Amino acid sequence: MTSKKNLSLIIKDLIFTGLIATVLLIPIVGFRTEISTTDSTGLIFNYNFIIAFLVVGFIVGVRFLFHIYWFSKIQRKPKEDSEENKKNF
Amino acid sequence: MEYFLQQLINSLTLGSIYGLIAIGYTMVYGIIGMINFAHGDVFMIGSFVSLIAMVILGVGTGAFLPLALLVVLFAAILITSVYGWTLERVAYRPLRGSFRLAALITALGASIFLQNFVQVSQGAKIKPIQPVIQGGFTFFENGSLVVSLSYLQIFIIIITIILLSIFSYIISKTPLGRSQRACEQDLTMSKLLGINVDKTISITFIIGASLASVAGMMFVLYYGVIDFFIGFLTGIKAFTAAVLGGIGSIPGAVIGGLLIGLIETFWSAYFTIEYKDVAVFSILVIVLIFRPYGILGKPEVEKV
């Protein structure tokens, strides 16, 4: 597989990870509910979108580092069925 | 008699909620043979997402209540399903070939993680909400004794029946249901026959989480108050329902849920409310001693 293909796969995966992390974190972290002290009708929001997006960024960053780690591991590993290996065998 | 009738109505409502959660436990156990202890917390996430969606849409203050509730329901299903999928993909799939205890410990870890995640992000305080669906039918009124069926109870029971019908259809008539039943019988053989086992398991988690989110929404509407810890006790009770009905059996989970609802409600009504959890968990102990395979479960036959 060419490195260009690898890069596009990594980018696709990172976008997907970011999307999933956004869906997971924005509702629960972004919209912090608090009991209203002024209004007796119920709950109000204390918005935490910055924290939510920071965590999403962190998750995408960690995923990217994993990709780099896996990629470097594959690069280091000799190809099992390469012509050179077959000849040596 | 009137008091009994009222308790019966209440127990059906509570039993429906337990039944919906219990299906998630029993499906996952049926397919991969593990008890997903984080399922109760997925239910808790579902209830929080419902609450947040209700506050965003201003449910209860606007005119289009049925439409708003439908939007809340879809939002809760969508987001909680993603939680269910992620849980399977991140926490359980890497350990699928591992020893059984590893998955169990991971499930407990995932449960504690979700609890703490919600505690930190939403706060430890309870979250109350104003009653959204009010009113109902009164069948009998004699002084302080009233037998009534509220619109909310009707809503809960109808939604449960609709979902269970859809779910039964999926399991019995669709290719997905066939794959699920095949995986339940033999995971390795299903793989050999070309069934995408990973996809089937993921969809099972998604369905379980969706049903838990609906239960979560009903819980918010019915009790009007939630906190980050509701998933633990409700989840364990739903697990008791799954065991009582026969873990691995979907009709058993529903029957178990209704029975647990019945026991809890009648115990609270006729004995003492403080010991209602003791009564429920005593059932778990009794079932595990005398009929470990539950009401509709089949005893495991060891082939020699």
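Numbers given to residues run from 1 along each chain, matching the order in which its sequence is written. All chains are assigned letters beginning at A, and all ligands numbers beginning at 1, according to the order in which they are written. Reporting in this predicted model follows two pLDDT cut-offs: at least 70 for local features of residues, and 80 or more for side-chain atom pairs to be given and counted; totals over whole chains, interfaces and linings ignore these cut-offs and use all residues. The basis for every side-chain value is the complete set of non-hydrogen atoms in the structure, without hydrogens or water.

Participant: Sorry, what's going on with the overall build of chain B here?
Facilitator: Think of it this way: any DSSP run of H or I at least four residues long counts as a helix, any run of E at least two long counts as a strand, and we number them from the N terminus. When you go through chain B residue by residue, the secondary structure sums to 11 helices and four strands. Expected size for 304 residues packed as a compact globule is a radius of gyration near 19 Å; at 19 Å, chain B falls within 12% of this value. Residue pairs at least 24 apart in sequence account for 75% of intrachain contacts in chain B once pairs closer than 6 positions are excluded. Computed with the Shrake-Rupley method and a 1.4 Å probe, the accessible areas treat only the protein chains shown as cover for residues. For chain B, the computed accessible surface area is about 14,600 Å², with 69% contributed by carbon and sulfur atoms. Values of the radius of gyration come from C-alpha atoms, whereas the globule rule sets the reference at 2.2 Å times the count of residues to the power 0.38. Two residues qualify as a contact provided that any one of their heavy atoms is within 4.5 Å of a heavy atom in the partner residue.

Participant: In this structure, what is going on with the pattern of salt bridges? I would like to understand it.
Facilitator: Two side chains carrying opposite charge are able to pair once their charged atoms lie near each other. Residues and elements named next belong to chain B. Take a side-chain nitrogen of Lys or Arg and a carboxyl oxygen of Asp or Glu: if they are within 4 Å of each other, that pair is a salt bridge. This model, assessed by the stated rule, comprises nine salt bridges over all chains. Of the charged contacts, one joins Arg 96 and Glu 88 as a salt bridge, the two residues approaching to 2.3 Å between their closest N and O atoms. In this structure, Asp 277 and Lys 237 form a salt bridge, with 2.6 Å as the shortest nitrogen-oxygen distance. In this pair, Asp 277 sits in helix α11 (residues 276-290) while Lys 237 sits in helix α9 (residues 230-245), placing the two residues 40 residues apart along the sequence.

Participant: Help me understand the interface of chain A and chain B in this model?
Facilitator: By a widespread convention, an interface's size corresponds to the accessible area lost as its parts come together. With 18 residues of chain A in contact, the opposing surface of chain B contributes 22 residues. Polar contacts, as used here, are pairs of N or O atoms within 3.5 Å; protein pairs need one atom able to donate a hydrogen and one able to accept it. Residues neighboring in sequence count only if both atoms are side-chain atoms. Between chain A and chain B we count six residue pairs in polar contact (both at pLDDT 80 or more) in total. Counting only elements with at least two residues in the side of chain A that touches chain B, the list comes to α1 (3-30), β1 (31-35) and β2 (43-47) of chain A. Looking at the side of chain A that touches chain B element by element, the count peaks at eight residues for α1 of chain A. Amino acids are sorted into nonpolar (Ala, Val, Leu, Ile, Met, Phe, Trp, Tyr, Cys and Pro), charged (Asp, Glu, Lys and Arg) and polar (every other residue, Gly among them). Within the side of chain A that touches chain B, the residues separate by chemical class into 12 nonpolar, four polar and two charged.

Participant: Even after reading the chapter, I still don't get the nonpolar core, so can you show me in this structure?
Facilitator: Among soluble globular proteins, nonpolar side chains are generally buried collectively. In this description, a nonpolar core means a group of buried Ala, Val, Leu, Ile, Met, Phe, Trp, Tyr and Cys residues linked to one another through side-chain atoms lying within 4.5 Å. Burial classes follow relative accessibility: with a 1.4 Å probe on protein chains only, a residue under 20% of its type's maximum area counts as buried, one over 50% as exposed, and anything between as partly exposed. Grouped together as the largest cluster of nonpolar side chains are 93 residues, with contacts concentrated most on Ile 28 of chain A together with Met 54 and Tyr 92 of chain B. Counting residues per element, this core draws most heavily on helix α8 (residues 197-223) of chain B, which supplies 14 residues.

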